[in-house]
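# Observations on the model geometry
One-letter residues, chain by chain:
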Number of protein chains: 2
Amino acid sequence: MELKQNIKLAVDAIVFGYADNKLNVLLIKQKFGILKNQWALVGGFVKDNETLNDAVNRELKEEAGIKVNYLEQLYTFGDNINRDPRFRVVSVAYFALINSTKLILKADSDAEEAKWFPINNLPELAFDHKEIIATAQLRLQSKLTYQPIGFDLLPKEFLFSELENLYCTILNKEIDRRNFRKKILSYDIIEETEKYGNKIKGRPAKLFRFNKQKYSKLHKSGFLFEINFA
Amino acid sequence: MELKQNIKLAVDAIVFGYADNKLNVLLIKQKFGILKNQWALVGGFVKDNETLNDAVNRELKEEAGIKVNYLEQLYTFGDNINRDPRFRVVSVAYFALINSTKLILKADSDAEEAKWFPINNLPELAFDHKEIIATAQLRLQSKLTYQPIGFDLLPKEFLFSELENLYCTILNKEIDRRNFRKKILSYDIIEETEKYGNKIKGRPAKLFRFNKQKYSKLHKSGFLFEINFA
DNA sequence: ACAAAAGTGTTAATCTTACACCCATGT
DNA sequence: ACATGGGTGTAAGATTAACACTTTTGT
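Rules used in this analysis
- Residues numbered from 1 in each chain as written.
- Chains lettered and ligands numbered in written order.
- Predicted model: local features only at pLDDT ≥ 70, side-chain atom pairs only at ≥ 80, totals over all residues.
- Heavy atoms only, no water.
- Near = heavy atom within 4 Å.
- Polar contact = N/O pair within 3.5 Å; in protein donor to acceptor, adjacent residues only side chain to side chain.
- Helix = DSSP H or I, 4+ residues; strand = E, 2+ residues; numbered from the N terminus.
- Pairing = 2+ DSSP bridges.
- Axes fitted to C-alpha atoms, helices over the stretch in contact; angles between N-to-C directions.
- Buried < 20%, exposed > 50% of the residue type's maximum accessible area, 1.4 Å probe, protein only.
- Least-squares fit on C-alpha atoms with pLDDT ≥ 70 in both.
- Salt bridge = Lys/Arg side-chain N within 4 Å of Asp/Glu carboxyl O.
- Parallel < 35°, antiparallel > 145°, perpendicular 65-115°, else oblique.
- Left-handed = near helix turned anticlockwise from the far one by under 90°.
- Contact = heavy atoms within 4.5 Å.
- Nonpolar A, V, L, I, M, F, W, Y, C, P; charged D, E, K, R; others polar.
- Buried area = accessible area lost by both parts, 1.4 Å probe.
- Expected span 1.5 Å × (residues − 1).

### Description of the protein's contact with DNA strand C
Taken together, 22 residues surround DNA strand C, and among them Arg 178 of chain A together with Ser 161, Arg 177, Arg 181 and Lys 182 of chain B come closest. Note that a base nitrogen of DNA strand C is positioned 3.4 Å from one of the side-chain N or O atoms of Asp 176 of chain A. Interatomic distance of 3.0 Å between a side-chain N/O atom of Asn 179 of chain A and a base nitrogen of DNA strand C. Tallying contributions element by element places helix α4 (residues 177–187) of chain A first for the surface near DNA strand C, with five residues.

So, in structure tokens, the structure goes:
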């Protein structure tokens, strides 16, 4: 078969972080090339002998120096033929979560700068990256309600109030504190530690830990995680 | 930027049909080329100036002569580098539903044959198409429970028992007839017609129709469709 | 009259929602 | 003692699950 196809394949990653009660997106600014001085998602072209998955992980490492906690394929953007002004590029977008609280992003190198932006205050973005981020945000919101992925945005040990806040922030909803705690605890997938968080004010709060093994086991035997308040 | 990338981009469609209480998948057999005498999904390479969406629709028309009722992107298969023995091909798989009961598939042309296969009795398949179909089946099962896509597998006017059966078959579950009917009717998105189905035995049954407009309106105002029985 | 599938209600159990006060600490 | 956030229980309402008999038709 003679096949002359001139489409390039790229991957892009939408990396979400959560800090200071805000949902952030990781963006990079390249100092050279077509993207000079424009903020964009982490991403790049796929190599001939590289899986898509390897490609994203490589870009995450190269461009931001990070390894994410959660990664899944989001959507393949290929219906806008001119999304890249240079030539036809189809991009497989990935959705990633990371505990960003103590993360040090790759410092300004010669090549690029990586920075967190609150999702409600994004800069001008390259290509169709704004649309990609919007798609990712919807995925995050819906997935949060039926898979315990919120924990991948928090440190290993976290306060109940942090978890609660994460849900309220990302879902943009008020959630009853008592009902929320009751439901999460009823699932028996997080465990109390002996430690306390170091909040400055108020009564000290216990730190909790997500038990991923326990969740996996429950999940396999048909358990459905669900957080879905009015 | 100098970019030498040698990856080809294809689309594949998993078309589901429902007939005789069975879930079927549409497969084609090409009489020439690499796929000679192998059953495979409808699909092919994307043209340089064609959206992904146009590519799938074109293949559906060319290879099977059909227009589907429902189409959405499923997943992009690009982690198995050797999924195509010829060269590196990344395939964007689409998930499609069609009312197959009265569908006449493109008859044996010189080029190919299109045929329905029960999902529980698939032939040997080309490439990684078995895996793609498995992914699609999971998507169908989960989507059926939270979006009214079952109607896209039925004729415009259908019997309640057909709908019920479709759910039982695809979800592989027994569902209480009374509770099912009660719940579906409570959503107020299907309407009774004046007509009766032409079953041979038993009491005549009314035909129903899905009111898509009504569903869209409800959906926009926050209504959630959900069919989720123990 | 019988076989076959359609149509229909009620009750108990479970889950969800709404709601407010006391607790432990630092200042 | 007061300010701050942490921790907890209960009752009403809504939803779900379990369950079986009657109806309409063709033979």
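### Looking at the sheet that holds strand β9 (residues 190–196) of chain A
All names here are of chain A. The antiparallel open sheet is built from three strands, whose spatial order is β8-β10-β9. What marks the edges here is a single partner per strand, and that holds for β8 (157–159) and β9. With strand direction ignored, the average angle separating the axes of adjacent strands in the sheet is 45°. As paired strands, β8 and strand β10 (residues 206–210) are joined by three bridges and run antiparallel to one another. By the bridge assignment for β10, Leu 159 is matched with Leu 207.

### Regarding the environment of Thr 193 of chain A
All names here are of chain A. By the secondary structure assignment, Thr 193 is in strand β9. The class of Thr 193 is buried, set by a relative accessible area of 4%. Taking C-alpha positions, Thr 193 is 24 Å from Cys 168, a pair spaced 25 residues apart along the chain. In this structure the side chain of Thr 193 is engaged in a polar contact, spanning 3.2 Å, whose partner is the backbone nitrogen of Lys 195. A distance of 2.8 Å separates the side chain of Thr 193 from the backbone oxygen of Leu 207, its partner in a polar contact.

### Thoughts on the sheet that holds strand β10 (residues 206–210) of chain B
Residue and element names in this part refer to chain B. Pairing is antiparallel in the open sheet, where three strands are placed in the order β8-β10-β9. Because the sheet does not close on itself, it has two edges, and the strands there are β8 (157–159) and β9 (190–196). The average angle at which neighbouring strand axes cross in this sheet is 45°, direction not considered. Looking at chain direction, β9 and β10 are connected through four bridges and run antiparallel. Note that in β10 the partner of Glu 191 across the bridge is Arg 209.

### Some points on the relation of the copies chain A and chain B
Mapping chain A onto chain B calls for a rotation angle of 180° and an axial translation of 0.0 Å; the resulting RMSD is 0.1 Å. Taken together, the rotation and translation relating the two chain copies correspond to the operation of a two-fold axis.

### Observations concerning the pattern of salt bridges
Under the definition given, this model contains 28 salt bridges over all chains. Residue Arg 209 of chain A is joined to Glu 191 of chain A by a salt bridge in which the shortest nitrogen-to-oxygen separation is 3.4 Å. Of this pair, Arg 209 of chain A sits in strand β10 while Glu 191 of chain A sits in strand β9; the two residues are 18 residues apart in sequence, bridging distant segments of the chain. Take Arg 209 of chain A: its relative accessible area is 31%, and that puts it in the partly exposed class. Residue Glu 191 of chain A is classed as partly exposed on the basis of its relative accessible area, which comes to 29%. The partner of Asp 84 of chain B in a salt bridge is Arg 86 of chain B, with the nearest N and O atoms 2.5 Å apart. Judged by relative accessible area, Asp 84 of chain B falls into the buried class, the value being 6%. When its relative accessible area of 29% is taken as the criterion, Arg 86 of chain B is described as partly exposed. In this structure, a network of salt bridges that share partners links the residues Glu 50, Arg 58, Glu 59 and Glu 62 of chain A.

### Topic: the packing of helix α2 (residues 129–146) of chain B against helix α3 (residues 160–171) of chain B
Between two packed helices, what matters for the description is the angle formed by their axes and the separation of those axes. Residue and element names in this part refer to chain B. Look at α2 against α3: their axes get within 9 Å of each other, and the N-to-C directions meet at 140°. Considered as vectors, α2 and α3 are oriented oblique to each other. Pair α2 / α3 crosses with left-handed handedness. In this structure, α2 contributes Leu 140, Gln 141, Leu 144 and Thr 145 to the contact, and α3 contributes Leu 166, Tyr 167, Ile 170 and Leu 171. Residue classes in the contact of α2 with α3 are distributed as six nonpolar, two polar and no charged.

### A closer look at the interface of chain A and chain B
By a widely used convention, the size of an interface equals the accessible area lost when the partners come together. Counting residues at the interface gives 29 residues for chain A and 29 residues for chain B. Approximately 2,600 Å² of surface area, both sides summed, lies buried where chain A meets chain B, with 53% of it carried by carbon and sulfur atoms. For the interface between chain A and chain B, the tally reads zero salt bridges. Summed over the shared surface of chain A and chain B, the result is 21 residue pairs in polar contact (both at pLDDT 80 or more). Contributions of two or more residues to the side of chain A that touches chain B are made by β1 (8–19), α1 (52–64), β5 (70–77) and β6 (89–97) of chain A.

### Looking at helix α3 (residues 160–171) of chain A
The end-to-end C-alpha distance of α3 of chain A is 17 Å, a good match for the 16 Å that twelve residues give at a rise of 1.5 Å each. Of all the positions in α3 of chain A, only Phe 160, Leu 163, Glu 164, Leu 166, Tyr 167, Cys 168, Ile 170 and Leu 171 of chain A are classed as buried.

### Describing the protein's contact with DNA strand D
Close to DNA strand D lie 23 residues; Arg 177, Arg 181, Lys 182, Gly 202 and Arg 203 of chain A are nearest. Sugar and phosphate atoms represent 41% of those atoms of DNA strand D found within 4 Å of the protein. At 3.5 Å from a base nitrogen of DNA strand D is found a side-chain nitrogen or oxygen belonging to Lys 182 of chain B. Between Lys 183 of chain B and DNA strand D, the recorded distance is 3.3 Å, taken from a side-chain N or O atom to a phosphate oxygen. Counting residues per element, the ones that place at least two in the surface near DNA strand D are α4 of chain A together with α4 (177–187) of chain B. Take the surface near DNA strand D: its biggest share by element is five residues, from α4 of chain B. Classifying every residue of the surface near DNA strand D gives six nonpolar, four polar and 13 charged.

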